Amino acid sequence: MFEKIRNFSIIAHVDHGKSTLADRILELTGAMTDRDKREQTLDTLELERERGITIKATPVRLAYKADDGQEYALNLIDTPGHVDFNYEVSKSLAACEGVLLLVDASQGVEAQTIVNAYLAIDSNLEIIPVINKIDLPAADPEGAARELEEVIGIPADGAIFASAKSGIGVHEILEAIVKRIPPPSGKSSEPLKALIFDTVFDAYQGVIPFVRVLEGSIKRGDKVKMWNTGKVVEVDKVGIFRPALEVSEVLEAGEVGFFTAAIKDIHDAQVGDTVTGFARPTAEPFPGFKPAQPVVFSGLYPTDTAEYPKLREALEKLQLNDAALTFEPETSEALGFGFRCGFLGLLHAEVVQERLEREFDMDLIATAPSVIYKINLTDGSTYFLQNPSGLPTMDRVTTIEEPYIKLSIILPEEYVGNTMQLLVEKRGVMKDMQYIGKRVELHYEVPFGEVLYDFHDRLKSLSRGYASMDYEQIGYREGDLVKVGILVNGDIVDALAIICHKDKADPLGRKIVEKMAEVIPRQMFAVPIQAAIGGKIIARATVKAYRKDVLAKCYGGDISRKKKLLNKQKKGKARMKNIGTVEVPQEAFLAVLSSSE
Amino acid sequence: MLERRAGLVEAYLRELENDAKVLAEQYGGTELTTLYVGGGTPSFLRDHELVSLAGIIRTHFGWANLEATLEVNPGTVNTARAKLWRELGFTRASVGVQSTQDSVLKFLGRTHDAKQALLALETLLAAGFQVSSDAITAVPGQNVEQDLRTLGALGLEHISCYTLTIEEGTAFFRTGVKVRAEDEERSLELAESVLAEFGLARYEVSNHAKPGFESKHNIAYWQNRFYYGLGAGAAGHYPNLETETRDLSLEHQIIAHRRTNPHLSNWLTGERGEIEPVTRESFVTDALFSGLRLLSGVSLTDISTRAGLNASDFFAPQFEKLVSQGLLEFEGSTVRATTNGLWVLNQVISEFL
């Protein structure tokens, strides 16, 4: 039966047509449309989706009758489409034997194309290049295929030219899946070895791991163990994705499916872990397990302190389905009680904040995101610092280390000069530069903290949107770093502290205080905003006192409307945080993120 | 721009008569003291149409015995028409001049120029009108002082100076026009000081008049009096004629209501706006909301009597706070905004909302 199974995934740069191709394949194999699939999956799993960003991968099993007259079971495993979730992507890919590498015929190879392609190569997958959107006027399919060969070394003659939108080439793609992607190997008679490539949380059934059975088999009643977390559970149900969950007898080696086992805590069954038999374990687990590791931290505070318990409850609920989200209580003198939350990246942070505000109706103040610094103290001890305000005085610190990333950027050559300038400003070190036709691929090593701030926006703007980027963490390096404190009306505001390179403290401090003075509304009195290193003031701006706050016109017919207007303004004020007597809006806390250009 | 569609004015006047009839039957009986024909450009009406309009008022309410204001656009004034308006009984003209600088008028999108505006004011003065002019200030690039001096020197009895306000949904808002706070502040100061030189004293946030020429009609609004509102989009404030039947606490008892007519097309079909009930509490709030705009302040005795709720007691903590902040001051039972309070009246008023 192995010969009839094909496990594959589609990988692509954002907007290169991944979901359209998936829809087309579903249609051609007679499966439900993508929309049905989503609705059904939602019904079954209460799975939550955010504005088109697929974070949770949804697999689907398709029946396809190939030209050779045989019927095949194709397991399409979706992957998240953002660099914040590269680990999840790599585990989804590990559940497959092959991938469709989709490239837009008018855009060519982009940063994410390369990163995803390498993830596939690392997993020893068969890669089927698909040049999509060939019917667009600006399409250059041969050029795109040539780029793939030049940049990644994937032979151009194997590429399939297609248009998922109009259906061109989709049949060839399906045939290639059957003919070129190898069937899964592994024996059902071996001890169980299954890779968890995703999980979802269901209110009734608990955590549901999605697995690829590599060896052995799994069925109801089996006692299984999570290799890395050590959790032992008894399997309640197993099944496959249609895409709604469909209970079946057994999952054999080579198959993709799910199991339920009343797992309460998402941390007990994590993506990347290996499921094996409790009584008869496999010899060694699937390699490369990493517990979900947040790399970006930010403080979340309710604007109304009374909502602190509500925020805790909301975070607990989100965590049920999101193993990467961490939170710990944190107190700020300025903001009161809140939580220091850990995220996989900026996008993840934004999604979590937006869900808290929208689904849980929270009014939040989020502090500027920060990376984790490694602090070496004079007493020889070392610790990891998540909140810049907690940095001890410099007499107790020997060195501060900061996380670095390997950044790859692809962009048209005319923007290279400006981009290199930006990277120098961001303390980047060039490692490599390569031409891909008329475009250039740059490899830099950059402090992660520098990329968190305005980097992405500025890169987009100086390349008119043509640059694409991707990155991976490469460890810690020592840096000449200082803590910049911000004072509002003479009082230090702990939640606004940042850590930055010594040479950049002055311009950054100036930028922050100026932006804050701009976004803090005029108050009844003038308010100084200052940036300081230790006791030394390095920048200063002033929120002017307002003199005029009065409606110009108010006559008979206006009264009801104008009363509403003032009521609205009054409510808007309640949403601000009072620091001393100064009303500070959310934007002020993110002043460091604003683009300086 | 309003179009003269065939039959539109006729239909409008017919509906106005219906409106007048219903309201006069419901609330009539007392003499009309002031009249204000405005809301856009009533001088858009042809002469015989305006005659009909005045006739409708006379028939159903009698003519106003203290003040009758006609709002006019500078481009529509000539000597003959001014004479007719006087004969109809209008005593006061409010002219939407906005500025005496062509560049500012162009920026504001007005159809008249400075020359037309000045001529209109002179014509109306010559015809024996009390004349009020609107001015817009704090416009980017405007020489505010020059505008104020030009208008003041004409000998007008009344000048309203509004700082430019960019409201959401307007073209200025969409194009991102911003009013500088410095310009607003300077404009307010200039209006008060420059117009004083011409004998016009500030008596409301944006209004200035020679003694005795304050707008009686508008003062009725600010003092939260009752008034009829006739025509499309017009708002009225009426006493509650029904006896309260529900068992409500004193401040929640309904003593009045406001009604704002819908926009033209709906109003023409006989539709009238929703009635917004006014409780004893909101009557007091409204009286403070608009009354504190007057430099003479609000008589708490007067509004307490009319509201049937002791305003000083009801808002005692608010008054105490605002007085201690130096934003309000008392003189007997009259409360008024201090000079500082007037600058930040929104903050003051918000305390009562």
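Predicted, not measured: the structure shown is a model, and the values here were computed from it.

**So, the overall build of chain A**
Next up, step 1: Across its full length, chain A carries 13 helices and 33 strands.
Next up, step 2: Residues counted as buried form 58% of the 597 residues belonging to chain A.
Next up, step 3: Sequence separation of 24 or more characterises 69% of the internal contacts of chain A that already satisfy a separation of 6 or more.
Next up, step 4: Carbon together with sulfur atoms contributes 49% to the accessible area of chain A, which is approximately 25100 Å² in total.

**Overview of helix α11 (residues 505-519) of chain A**
Residues and elements named next belong to chain A.
Next up, step 1: In a regular helix each residue adds 1.5 Å, so 15 residues correspond to 21 Å; α11 covers 21 Å between its end C-alpha atoms and thus fits that length.
Next up, step 2: Every buried residue of α11 is listed here: Ala505, Leu508, Gly509, Lys511, Ile512, Val513, Met516, Ala517 and Val519.
Next up, step 3: For α11, the secondary structure elements touched by its buried residues are α10 (448-462), β27 (481-488), β29 (498-501), β30 (527-533), β31 (536-543) and α13 (586-589).

**Section: the pairing of strand β7 (residues 193-202) of chain A**
All names here are of chain A.
Next up, step 1: Within β7, 10 of the 10 residues are buried, which leaves it mostly tucked inside the rest of the structure.
Next up, step 2: The pairing of β7 with strand β8 (residues 206-215) spans nine bridges and is classified as antiparallel. The residue bridging Ala194 from the neighbouring strand is Val213, located in β8.
Next up, step 3: Connecting the antiparallel pair β7 and β8 is a turn made up of three residues.

**Observations regarding the confidence of the model for chain A**
Next up, step 1: For chain A, the mean per-residue pLDDT works out to 86, and 93% of the residues sit at or above 70.
Next up, step 2: Within the model, the stretch residues 37-55 of chain A combines pLDDT values under 50 with 46 contacts to residues more than four positions away or in other chains.

**A word on the environment of A:His443**
All names here are of chain A.
Next up, step 1: Take His443: it is sitting in strand β25 (residues 439-447).
Next up, step 2: Between the alpha carbons of His443 and Asp432 there is a distance of 5.0 Å; along the sequence they are 11 residues apart.
Next up, step 3: Dropping the residues within four chain positions of it, His443 is found in contact with Lys406, Leu407, Ser408, Val429, Met430, Lys431 and Asp432.

**With respect to a nonpolar patch on the surface**
Next up, step 1: A surface patch of nonpolar side chains, amounting to about 290 Å² of accessible area, comprises A:Met430, A:Met433 and A:Tyr435.
Next up, step 2: Relative to the elements of secondary structure, A:Tyr435 occurs in strand β24 (residues 429-436).

**With respect to the interface of chain A and chain B**
Next up, step 1: The interface of chain A with chain B comprises 26 residues on the first partner and 36 residues on the second.
Next up, step 2: When chain A packs against chain B, close to 2900 Å² is buried across both sides, 51% of that on carbon and sulfur atoms.
Next up, step 3: Together, A:Arg547, A:Lys548 and A:Tyr555 form the three largest contributors to the area buried by chain A at its contact with chain B, with a combined 24%.
Next up, step 4: If you look at where chain A meets chain B, you find four salt bridges.
Next up, step 5: Residue composition of the side of chain A that touches chain B, by class: nine nonpolar, five polar and 12 charged.

**Thoughts on helix α6 (residues 144-153) of chain B**
Residues separated by three or four positions in an α-helix point in the same direction, a consequence of the helix having 3.6 residues per turn.
All names here are of chain B.
Next up, step 1: Those residues of α6 that sit buried are Val144, Asp147, Leu148, Leu151 and Gly152. The buried residues of α6 occupy an angular sector of 125 degrees when projected down its axis, which confines them to one face.
Next up, step 2: Where the residues of α6 are buried, they touch β3 (92-98), α5 (114-126), β4 (130-137), β5 (158-163) and α8 (181-197).
Next up, step 3: Between the side-chain oxygen of the N-cap and the backbone nitrogen of Glu145 there are 3.4 Å, and the N-cap of α6 in question is Asn143.
Next up, step 4: Positive backbone phi, at 85 degrees, marks Gly155, one or two positions downstream of α6.

**With respect to the nonpolar core**
Next up, step 1: Judged by nonpolar contacts, the single largest core of 70 residues is most densely connected at A:Leu407, A:Ile409, A:Phe455, A:Met516 and A:Ile529.
Next up, step 2: Counting 51 residues, the second largest nonpolar core, distinct from the first, contains B:Leu88, B:Ala93, B:Ala117 and B:Tyr238.

**Some details on the side chain of A:Glu147**
Residues and elements named next belong to chain A.
Next up, step 1: Its location among the elements puts Glu147 in helix α5 (residues 141-152).
Next up, step 2: Among the residues examined, Glu147 registers a relative accessible area of 13% and is labelled buried.
Next up, step 3: Among the polar contacts listed, one links the side chain of Glu147 to the backbone nitrogen of Val109, at a separation of 2.8 Å.

**Details of the sheet that holds strand β3 (residues 71-77) of chain A**
Residues and elements named next belong to chain A.
Next up, step 1: One open sheet holds the six strands; their spatial order is β2-β3-β1-β4-β5-β6, and the pairing between them is mixed. A single partner strand is all that each edge strand has here, and the edge strands are β2 (60-65) and β6 (160-161).
Next up, step 2: Inspection of the sheet shows strand β5 (residues 126-132) paired to β6 by two bridges, in the parallel sense. In the sheet register, Ile131 faces β6, and the bridge partner there is Phe161.
Next up, step 3: Contacts from α5 reach β4 (98-104), β5 and β6, with the element oriented near 150 degrees to β5.

**Topic: the sheet that holds strand β11 (residues 298-299) of chain B**
Strand pairing in a sheet is mediated by backbone hydrogen bonds. Such pairs are either parallel or antiparallel.
Residue and element names in this part refer to chain B.
Next up, step 1: If you trace the three strands from one edge of the open sheet to the other, you get β11-β13-β12, paired in antiparallel fashion. A strand with exactly one partner marks an edge of an open sheet, and here the two such strands are β11 and β12 (328-331).
Next up, step 2: Bridge analysis of β12 against strand β13 (residues 334-337) gives four bridges, and the strand direction is antiparallel. Along β13, the bridge assignment pairs Leu328 with Ala337.

**Things to note about empty space enclosed by the protein**
If a probe the size of a water molecule is rolled over the atoms, the empty space left behind becomes visible.
Residues and elements named next belong to chain A.
Next up, step 1: Summed over all chains, the structure comprises five cavities of 30 Å³ or more.
Next up, step 2: Space inside the second largest cavity adds up to approximately 90 Å³.
Next up, step 3: Around the second largest cavity, the lining is made up of 14 residues, and of these Ala368, Ser370, Pro388, Ala497 and Ile498 lie nearest the centre.
Next up, step 4: Residues of the lining of the second largest cavity, tallied by class, amount to nine nonpolar, three polar and two charged.

**Some points on the packing of helix α9 (residues 416-425) of chain A against α10(A)**
Residue and element names in this part refer to chain A.
Next up, step 1: Two numbers describe how α9 lies on α10: the axes approach to 10 Å, and their chain directions differ by 165 degrees. Classed by the angle they form, the pair α9 and α10 counts as roughly antiparallel. The chirality of how α9 crosses α10 is right-handed. Across the interface between the two elements, Asn418, Thr419, Leu422, Leu423 and Glu425 of α9 pack against Phe455, Arg458, Leu459 and Leu462 of α10.
Next up, step 2: When its residues are assigned to classes, the contact of α9 with α10 shows five nonpolar, two polar and two charged.

**As for the packing of aromatic side chains**
Next up, step 1: Tallied over the entire structure, the rule returns 23 aromatic pairs over all chains.
Next up, step 2: With centroids separated by 5.8 Å and ring planes inclined at 55 degrees, the aromatic side chains of A:Tyr308 and A:Phe337 adopt a geometry described as tilted. Of the two residues, A:Tyr308 sits in helix α7 (residues 308-319) while A:Phe337 sits in strand β19 (residues 336-343), which places them 29 residues apart along the sequence.
Next up, step 3: According to the relative accessible area criterion, A:Tyr308 is buried, its value standing at 17%.
Next up, step 4: Here B:Phe314 and B:Phe315 contribute two aromatic rings whose centre-to-centre distance is 5.1 Å and whose plane-to-plane angle is 90 degrees, an arrangement assigned as edge-to-face.
Next up, step 5: By relative accessible area, B:Phe315 is classed as buried at 3%.
Next up, step 6: Here a set of aromatic residues connected by ring pairs shows up, and it is made of B:Phe314, B:Phe315, B:Phe319, B:Phe330 and B:Phe352.
Next up, step 7: Over the ring of B:Tyr162 we find A:Lys553, and its NZ or CZ is 4.6 Å from the ring centre.
Next up, step 8: The ring of B:Phe129 has B:Arg86 lying over it, and the distance from NZ or CZ to the ring centre is 5.5 Å.

Conventions and cut-offs
- Residues numbered from 1 in each chain as written.
- Chains lettered and ligands numbered in written order.
- Predicted model: local features only at pLDDT ≥ 70, side-chain atom pairs only at ≥ 80, totals over all residues.
- Heavy atoms only, no water.
- Helix = DSSP H or I, 4+ residues; strand = E, 2+ residues; numbered from the N terminus.
- Buried < 20%, exposed > 50% of the residue type's maximum accessible area, 1.4 Å probe, protein only.
- Contact = heavy atoms within 4.5 Å.
- Areas by Shrake-Rupley, 256 points an atom, 1.4 Å probe, with all protein chains shown as cover.
- Expected span 1.5 Å × (residues − 1).
- Pairing = 2+ DSSP bridges.
- pLDDT = per-residue confidence, 0-100.
- Patch = residues over 30% accessible without salt bridge, like charges linked within 9 Å, V, L, I, M, F, W, Y side chains within 5 Å.
- Salt bridge = Lys/Arg side-chain N within 4 Å of Asp/Glu carboxyl O.
- Buried area = accessible area lost by both parts, 1.4 Å probe.
- Nonpolar A, V, L, I, M, F, W, Y, C, P; charged D, E, K, R; others polar.
- Arc of directions from axis to C-beta.
- Polar contact = N/O pair within 3.5 Å; in protein donor to acceptor, adjacent residues only side chain to side chain.
- Core = buried A, V, L, I, M, F, W, Y, C linked by side-chain atoms within 4.5 Å.
- Axes fitted to C-alpha atoms, helices over the stretch in contact; angles between N-to-C directions.
- 1 Å grid on protein atoms, 1.4 Å probe; cavity = no way out; pocket = protein on both sides within 12 Å on 5 of 7 lines; lining within 4 Å.
- Points joined across faces, edges and corners; volume = space filled by probe spheres on them.
- Parallel < 35°, antiparallel > 145°, perpendicular 65-115°, else oblique.
- Left-handed = near helix turned anticlockwise from the far one by under 90°.
- Phe/Tyr/Trp six-rings, centres within 6.5 Å; stacked < 30°, edge-to-face > 60°.
- Lys NZ or Arg CZ within 6 Å of the ring centre and 35° of its normal.

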